[in-house]
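Summary of the model geometry
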Amino acid sequence: MKSLCVDGDEENHLQKLIDLIRSKDMDGGEAWSAFSAPAASKTFKRGEADSRTFDFSPVERATYKNLRQRVQNHLFNKCAGSCAYCRRPVGHYGWAWHIEHVLPKSKHSSLTFSLDNLTVGCVHCNQWKGARIDRYLVGKILPIINPSLPGFIYSAHLTYVQISTDSLSFAKYSHCSPEGAKTYKELSFEMLERSYAINGMHPPLASLHEKIERAIGVGLSAVEGQGLAELLFELKKSIYKLN
Ligand SMILES: [Zn+2]
């Protein structure tokens with residue numbers, strides 16, 4: 001991510017977080033929270049008695065805010081405005097999205113600020129990947145598609161048709177590799193297909209769906225918001241009746 005810093009000061013501000021990870025004063029999630037939701041001081045609790053507070057100067061906070069925007073723009077352009085996993089459009093006129101750590105920062109904290117490990121993930125894929133893949137990952141080989149691998153070609157794993165008109169929405173994915181099949185199953189693309197069809201027939205539900213996705217997105221971006229995100233995720237599953 002240092003390649004997107006504009007000067008040595010910004011590099012130093014970013015290095016502060018990298019060093020805190022290296023010294024194990026912060027884990028990847030905490031450092032990412034300090035970066036993506038900057039504050040004058042951040043306190044992280046690891047149990048009842050272990051609470052750590054870190055202070056950040058105004059210029060450090062400004063660096064994190066500006067650099068995050070640059071990273072977002074870089075990834076959005078690199079991914080042509082679509083989720084790296086489901087390829088749905090994201091952004092202002094599409095679905096809510098996140099800066100996604102391909103190898104999870106919870107398991108590979110040294111890659112938290114590595115640009116090569118970052119991509120665009122919609123809220124749906126981000127949520128399912130966190131729950132079903134990241135939590136159980138051992139090592140660096142993902143069982144699903146890895147869009148950050150050199151030479152990665154999406155269509156070698158998954159193909160899809162997405163059609164939307166005024167009164168109809170339709171999406172269907174097909175997989176053509178073991179990683180593609182695993183992506184379809186574990187990231188619950190069946191729910192995506194279902195939500196396309198149901199939302200297309202019932203616009204108010206589509207609006208509710210989008211609101212829930214955006215709220216989940218807000219919850220996911222903060223360490224403290226995980227509980228809210230999980231609650232909304234359960235609500236979404238109950239609407240589309242998937243277990
Ligand atoms: Zn997606």
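Above this text sits the structure in question.
Described in the following lines is the structure provided in the data block. (Residues numbered from 1 in each chain as written. Predicted model: local features only at pLDDT ≥ 70, side-chain atom pairs only at ≥ 80, totals over all residues. Heavy atoms only, no water.)

Description of the overall build of the protein
For clarity, the threshold we go by: Here a strand is any run of E in DSSP of at least two residues, a helix any run of H or I of at least four, and the numbering for each starts at the N terminus. For this analysis, residues touch if any pair of their heavy atoms sits within 4.5 Å. Here the accessible surface of atoms and residues is derived via Shrake-Rupley with a 1.4 Å probe, and residues count as covered only by protein chains that are part of the display.
Scanning the protein for helices and strands turns up 8 helices and 6 strands. Of the regular secondary structure in the protein, the N- to C-terminal order runs α-α-β-β-α-β-β-α-β-β-α-α-α-α. A separation of at least 24 residues holds for 60% of the contacts in the protein among residues at least 6 apart in sequence. On the protein, roughly 12,400 Å² of surface is accessible, and the fraction owed to carbon and sulfur atoms is 55%.

Describing the pattern of salt bridges
Here is the rule we go by: Counted as salt bridges are all cases of a side-chain nitrogen of Lys or Arg within 4 Å of a carboxyl oxygen of Asp or Glu. Here the term buried applies to any residue with accessible area under 20% of the maximum for its type, exposed to any over 50%, and partly exposed to those in between, with areas from a 1.4 Å probe on protein chains only.
Enumeration over the complete set of coordinates arrives at 12 salt bridges. Here Glu186 ties to Lys185 by a salt bridge, and the two come within 3.7 Å at their closest N and O atoms. The exposure class of Lys185 is exposed, given its relative accessible area of 56%. Within the structure, one salt-bridge network assembled from shared partners comprises Asp25, Asp50 and Arg52.

Looking at the nonpolar core
Short version of the rule: What makes a nonpolar core is a set of buried Ala, Val, Leu, Ile, Met, Phe, Trp, Tyr and Cys residues whose side-chain atoms join them at distances within 4.5 Å.
Met1, Leu17, Met26, Val71, Phe113 and Phe189 are the most contacted members of the largest nonpolar core, which has 52 residues in total. At the level of secondary structure, the elements contributing two or more residues to this core comprise helix 1 (8-22), helix 2 (28-36), helix 3 (58-78), strand 3 (97-101), strand 4 (118-122), helix 4 (123-132) and helix 6 (189-201). Among the elements that make up this core, the one with the highest residue count is helix 1 (5 residues). Residues contacting Leu17, with those up to four places away along its chain left out, are Met26, Ala31, Ala34, Phe35, Phe56, Tyr64 and Phe113.

Some words on the coordination of the zinc ion
Note the following rule: For Na, K and Ca the donor cut-off is 3.2 Å, and for all other metals it is 2.8 Å, counting N, O and S atoms only; because water is absent from this set, sites may look incomplete.
Binding of the zinc ion to the protein goes through Cys83 (SG), Cys86 (SG), Cys122 (SG) and Cys125 (SG), at separations of 2.3 Å. Each donor residue of the zinc ion lies on the same chain, and together they follow the pattern C-x2-C-x35-C-x2-C. The exposure classification of Cys122 matches that of Cys125, with both residues buried.

Considerations on the environment of Asn77
In this fold, Asn77 is placed in helix 3. On the basis of relative accessible area, Asn77 is assigned to the exposed category, the value being 59%. Note: C-alpha distance between Asn77 and Val120 (43 residues apart in sequence) is 9.7 Å.

Read these as geometric descriptors, not functional statements.
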